[in-house]
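# Overview (structure and organization)
Chain residues, written in single-letter form:
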Amino acid sequence: MIMTKIDKVNICKGVDFITVKDNRFVTSSVSATIILPLDKETASQNALLVQMLKHSCKEYPDFTALNRRLDELYGANINSVVTKIGDCQMLHLGISFIDDRFSLDDSSISSQCVKLLCSLLFQPDINNNSFDTKTLELEKRCLIEEIQSEISEKRHYAINRCTQVMMPDEPAGLNRLGTIEQAQNVTAQDLYKTWCNIIKNANITFMLLGPSDSSDIIEFLKNKFADINDRNVKQLPKAIIKEASDRIREQVDRMPVTQSKLVMGFRSTCAYPSKDIDAMKFMTMLFGGTPSSLLFKNVREKLSLCYYCAARYDRQKGIMFVDSGLEEKNSQLAKEEILRQLDRIKNGDFTDDDINETRLAMLTGMKMINDSQWSMQSWYINQLLDNEFVSPEQAAEKIESVTREDIIKAANMVKLDTIYLLAGQEDA
Amino acid sequence: MNYIENSILKEGYYEINHPTGLKIYIYPKKDSNSSYAVFGTKYGSIDTQFRIDGEEWVRVPEGIAHFLEHKLFESEDGDAFSRYAKTGASANAFTSFDRTCYLFSAAQNFDESLEILLDFVQHPYFTEQTVQKEQGIIGQEIKMYEDDPGWRVYFNLLGCLYHNHPVRIEIAGTIESIAKIDAELLYQCYKTFYNLNNMSLAVTGNITPEQVLKIADKTLKQSVPIQIERRFDHEPDSIVRDRAEQKLAVAVPMFMLGYKENIKQEFCSSEQKAEMAILLELIAGKSSALYSSLLEQGLINESFSADFDCGRGYAVSTFTGESADPDKTAQEIKNEINRLRKNGIDKERFEAVKRKIYGSSIKIFDSNEIIGNTIIDSHFAGNSIFDDMDAVASCTLEQVEKRLNNALIDKLCALSVILPA
């Protein structure tokens, strides 16, 4: 079995470089991940900054020039993602590219791509302490359309709405991209300040995965950050962990849809660094994480109520979501069945086969992580708030030791908090 | 057993004509932690009219290939998912216009998992009761797609471009068409298309040919070669209408501008795919003048993309995205295509874009899943997984210019729009 070899080098205060050297791949990727407190005043600003950095730099000041450069680099791909982790906002900017051995003219694709990513991050198109206002207006429109378009993906939209309803007073209840109003108000000077502040004070993790060598970029970053000697890195806020509210919150939104989406939000106080999170992960998988889970076997296969009914667990917030797409008239029946299946786990009413099968499925998932760069990248990025990295192999060992009692205990820690239903219009 | 190696990747695969009639491909990646197997039949949603060995023509309800995919997972003694649960494999299946594939990934117990795959696909079991149960589940799958604007915009477009070809019908069929499906019809389709001579198996990852063949020899049952004929109702070269509109719960209008292309042979060749990939990138890729112009005019956002899709009897090039003004955006795209046709393609731009597409064709070799699926696609299209890459490398400017003169024709183009309800 291929083991992940992960090297972590500290560049300076708050800045780390992680290398996962792996010669099996034909591509490599290099990225910077920045974690900031998720705040309603700054969320849109941060999201806009990533958009601006992604689309130009001093050397390639416009979209076309930058993309023509990427064509020359054999279709290297710049990607950016803005996500939530715990009560924080995570900004991700990266480049992926094919390995140097495929270069048609002996020039190094990797060193040119690394240089380009560094230009995007450190030499943005800034004049007089301000980003370009015309480009900013364009990016604002795109960000606003992205926020508006969240409604197009009904399954995601319903989970986002449930999150909002469930966590009105927690940063995690905010939209990862902020709001349309905030986006409209951001100025080119604000963005410059945000950028300076990130370079100077934010937690940044660089990561290289694949066959490429990381020594040059580490050297470059060490020099780059050596100029910034008074880095003042603030501790990131710890995720807020709450118990379920006494009264179950309920929310129904109506819009012209054919299929209803049911989302149930459960709370537990079991969150990182609790010793019980592996049992909680296990319990969630057994409950609704695989095609042999209780939800799949019963809500879908037995009652024929839906095409999907699944459970997922957020170990930063101690929250579990169950979601399903169904007929509105069946939503009560589905709710009852979902809770009934959870009660079964709470009461230990599941077989040893259920346990063994869930364990095998989880082990397969973990062993497969190393076969995909994308999975490996997400695996480590999702641990950036943790005190130390756990490799998929180490995580597999922890799963091996979860027992029936642990699963029952975990199930008894979750309590229903919020029920959200996205449904069709009543007169329809 | 043949071994075919690619000189650039320094990787390759084994090709085996199994005595049972099945074509087997094995692409070892010995350093993988996992393995992937995909067992496919050249049978998809568009195969609604067929006959075997010159017998009577049969017409079956729309959505039956997909229905059959769901039902094959069941057997008399439980479903395949619960069998896979014992091996830990992660299994799934999908149906497209022209193929149905059953697949799994495994990081342990590969041999047992492969045995399950080959076994359940070869053992159909349907009763009226299990068929009825599935109508509820698939009904919800169909309804899920009805609310999906990205899916609707595509099928509304195909409905504009095709008079009779079944690509215009959704892969899962409709609530009405699946109501007509019964056990007997399922058996009829099964017996026709799940003949091993019409199927292929691809295995990638940490496996050896000997290992795969041992399971294949044990599990595969001899299939008597049959002659399958498929037919489509006559499809005129023209389009049906040039515009479709639907209202859905979206905030920003969505559009898809599509061009029908009348390709005369059964499948597009790798050369034809390479030409169109390069051409669409030249017209509407992120490095194109059109992309930045549309972006600056406020007509598109980063969801904008162009794509080419082709299969038996259909070929469509599409430009899709979100836009406050879909009609103006469509007009700008059409103008750019015509301008390029008139002024010709810049040699330097052609070379740069070709390099990008060459890079993209290499990237797929990082994934066991993509390799396996591409092997099956290539097999059914009558070529090899390396052909697409080679076709990009050898594609010339003249080829692309010639293609531009014959494809992306105004009168074979339609605009599909999803508006906020």
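Residues numbered from 1 in each chain as written. Chains lettered and ligands numbered in written order. Predicted model: local features only at pLDDT ≥ 70, side-chain atom pairs only at ≥ 80, totals over all residues.

### Topic: the overall build of chain A
Quick reminder of the rule: Only DSSP runs of H or I with at least four residues qualify as helices, and only runs of E with at least two residues qualify as strands; both kinds are numbered from the N terminus onward. We take the radius of gyration over the C-alpha atoms and set the globule estimate at 2.2 Å times the residue count to the 0.38 power. Field definition: a residue is buried when 20 or more other C-beta atoms are found within 10 Å of its C-beta, exposed when 12 or fewer are, and partly exposed for counts in between, with C-beta atoms placed from the backbone. The contact criterion used here is simple: two residues whose C-beta atoms, placed from the backbone, lie within 7 Å are in contact.
The helix and strand inventory of chain A stands at 15 helices and 13 strands. The C-alpha radius of gyration computed for chain A amounts to 23 Å, which stays within 12% of the reference 22 Å derived for 428 residues, consistent with globular compactness. A principal-axis box enclosing the C-alpha atoms of chain A has dimensions of 60 × 55 × 40 Å. Within the span of chain A, comprising 428 residues, buried residues form 49% of the whole. Relative to all contacts within chain A whose residues are 6 or more apart in sequence, the contacts with residues 24 or more apart total 80%.

### Topic: the pairing of strand E11 (residues 199-205) of chain B
All names here are of chain B. The condition that has to hold: Only when DSSP finds a minimum of two bridges between them are two strands counted as paired.
Burial within E11 is extensive, with 7 of its 7 residues counted as buried. With burial as the criterion, each face of E11 is covered, one bearing Met199, Leu201, Val203 and Gly205 and the other bearing Ser200, Ala202 and Thr204. Sheet topology places strand E3 (residues 23-28) next to E11; 6 bridges connect them, and they run parallel. The residue bridging Tyr27 from the neighbouring strand is Thr204, located in E11.

### What to know about helix H3 (residues 110-121) of chain B
Residue pairs spaced three or four apart in an α-helix point in one direction, given the helix's 3.6 residues per turn. Test applied: An expected span of 1.5 Å times one less than the residue number is assigned to each helix.
Taking 1.5 Å as the rise per residue, H3 of chain B with 12 residues should run 16 Å; its terminal C-alpha atoms sit 17 Å apart, in good agreement. Three or more residues of H3 of chain B are buried, namely Phe110, Ser113, Leu114, Ile116, Leu117, Leu118, Phe120 and Val121 of chain B.

### Here we look at the packing of helix H1 (residues 43-55) of chain A against helix H7 (residues 188-201) of chain A
Residue and element names in this part refer to chain A. How we decide: Under this scheme, a helix contributes an axis fitted over its contacting stretch, all axes are lines through C-alpha atoms, and angles between N-to-C directions fall in the 0 to 180 degree range. Any angle that is under 35 degrees is reported as roughly parallel, and any over 145 degrees as roughly antiparallel; angles of 65 to 115 degrees are reported as roughly perpendicular and all others as oblique. Residues are grouped as follows: nonpolar covers Ala, Val, Leu, Ile, Met, Phe, Trp, Tyr, Cys and Pro; charged covers Asp, Glu, Lys and Arg; every other residue, Gly included, is treated as polar.
Taken N-terminus to C-terminus, the directions of H1 and H7 make an angle of 85°; their axes are 10 Å apart at the nearest point. Taken together, the axes of H1 and H7 are roughly perpendicular relative to one another. Note on element contacts: H7 touches H1 through Asp190, Leu191, Thr194 and Trp195, opposite Gln45, Asn46, Leu48, Leu49 and Met52. Residues of the contact of H1 with H7, tallied by class, amount to 5 nonpolar, 3 polar and 1 charged.

### Side note on the interface of chain B and chain A
Facing 55 residues of chain B, the contacting portion of chain A comprises 51 residues. Of all the secondary structure elements, the ones that give two or more residues to the side of chain B that touches chain A are helix H2 (80-87), strand E10 (100-106), helix H4 (128-146), helix H10 (289-296) and helix H12 (347-363) of chain B. Ranked by residues supplied to the side of chain B that touches chain A, first place goes to H12 of chain B with 10 residues. Tallied by class, residues from the side of chain B that touches chain A come to 22 nonpolar, 18 polar and 15 charged.

### With respect to the sheet that holds strand E6 (residues 58-59) of chain B
Residues and elements named next belong to chain B. Taking strand neighbours across the sheet as the criterion, the 3 strands line up as E6-E5-E12 in an open arrangement whose pairing is antiparallel. For this open sheet the edge positions go to E6 and strand E12 (228-230), each flanked by a neighbour on one side alone. The sheet contact formed by strand E5 (residues 49-52) and E6 spans 2 bridges and is antiparallel. Opposite Gln49, over in E6, you have Arg59 as the bridge partner.

### Looking at the sheet that holds strand E1 (residues 2-6) of chain B
Residues and elements named next belong to chain B. Read across the open sheet, the 7 strands follow the order E1-E2-E3-E11-E4-E10-E9; overall the sheet is mixed. Each of the sheet's edge strands pairs with one partner strand only, and the pair in question is E1 and strand E9 (90-95). Sheet twist, expressed as the mean angle between neighbouring strand axes with direction ignored, is 15°. In this sheet, E11 lies alongside strand E4 (residues 35-41) in antiparallel orientation, the contact comprising 7 bridges. Bridge assignment links Tyr36 to a residue of E11, and that residue is Thr204. Contacting E3, E4, E10 and E11, helix H13 (residues 368-380) crosses the sheet at an angle of about 155° to E11.

### Things to note about the domain arrangement of chain B
Residues and elements named next belong to chain B. How we decide: What counts as a domain boundary in this text is fixed by an automatic or database domain assignment.
For chain B, the assigned domains read domain 1 (2-230) and domain 2 (243-420). Relative placement of domain 1 and domain 2: their C-alpha centres are 28 Å apart. Here the residues of the side of domain 1 that touches domain 2 sort into 18 nonpolar, 12 polar and 7 charged.

### Here's the deal with the domain arrangement of chain A
Residues and elements named next belong to chain A. Taken as a whole, chain A is organised into domain 1 (6-226) and domain 2 (249-423). Placing the centre of domain 1 and that of domain 2 at their C-alpha centroids yields a distance of 30 Å. Facing 24 residues of domain 1, the contacting portion of domain 2 comprises 26 residues. Secondary structure elements with two or more residues in the side of domain 1 that touches domain 2: strand E2 (15-21), strand E3 (27-37), helix H5 (154-166) and strand E8 (203-210). Here the element with the most residues in the side of domain 1 that touches domain 2 is H5; it accounts for 8 residues. Classifying every residue of the side of domain 1 that touches domain 2 by side-chain character gives 15 nonpolar, 6 polar and 3 charged.

### Focus: unusual backbone geometry
All names here are of chain A. Pro273 follows Tyr272 through a cis peptide bond whose omega is 5°. Checked against the element boundaries, Pro273 lands in the loop between strand E10 (260-267) and helix H9 (277-288). Its identity is not glycine, yet Asn129 carries a phi of approximately 55°, on the positive side. Along the chain, Asn129 falls in the loop between strand E6 (126-127) and strand E7 (130-131). Judged by C-beta crowding, with 10 C-beta atoms within 10 Å, Asn129 ranks as exposed.

### Observations regarding the nonpolar core
The condition is simple: In these notes, a nonpolar core means any group of buried Ala, Val, Leu, Ile, Met, Phe, Trp, Tyr and Cys residues linked to one another through C-beta atoms within 7 Å.
Within the largest apolar cluster, 262 residues are counted, with the highest numbers of intra-cluster contacts made by Cys113, Met283 and Leu295 of chain A together with Ala37, Phe39 and Leu117 of chain B. Here the element with the most residues in this core is helix H9 (residues 270-284) of chain B; it accounts for 9 residues.

### As for the confidence of the model for chain B
Where the model shows low pLDDT, its predicted coordinates should not be examined in detail. Note the following rule: Every residue gets a pLDDT, meaning the predictor's confidence in that residue, from 0 to 100.
In this model, chain B carries an average pLDDT of 96, and 100% of its residues clear a pLDDT of 70 or more. Listed scores for the predicted complex are pTM 0.94 and ipTM 0.93.

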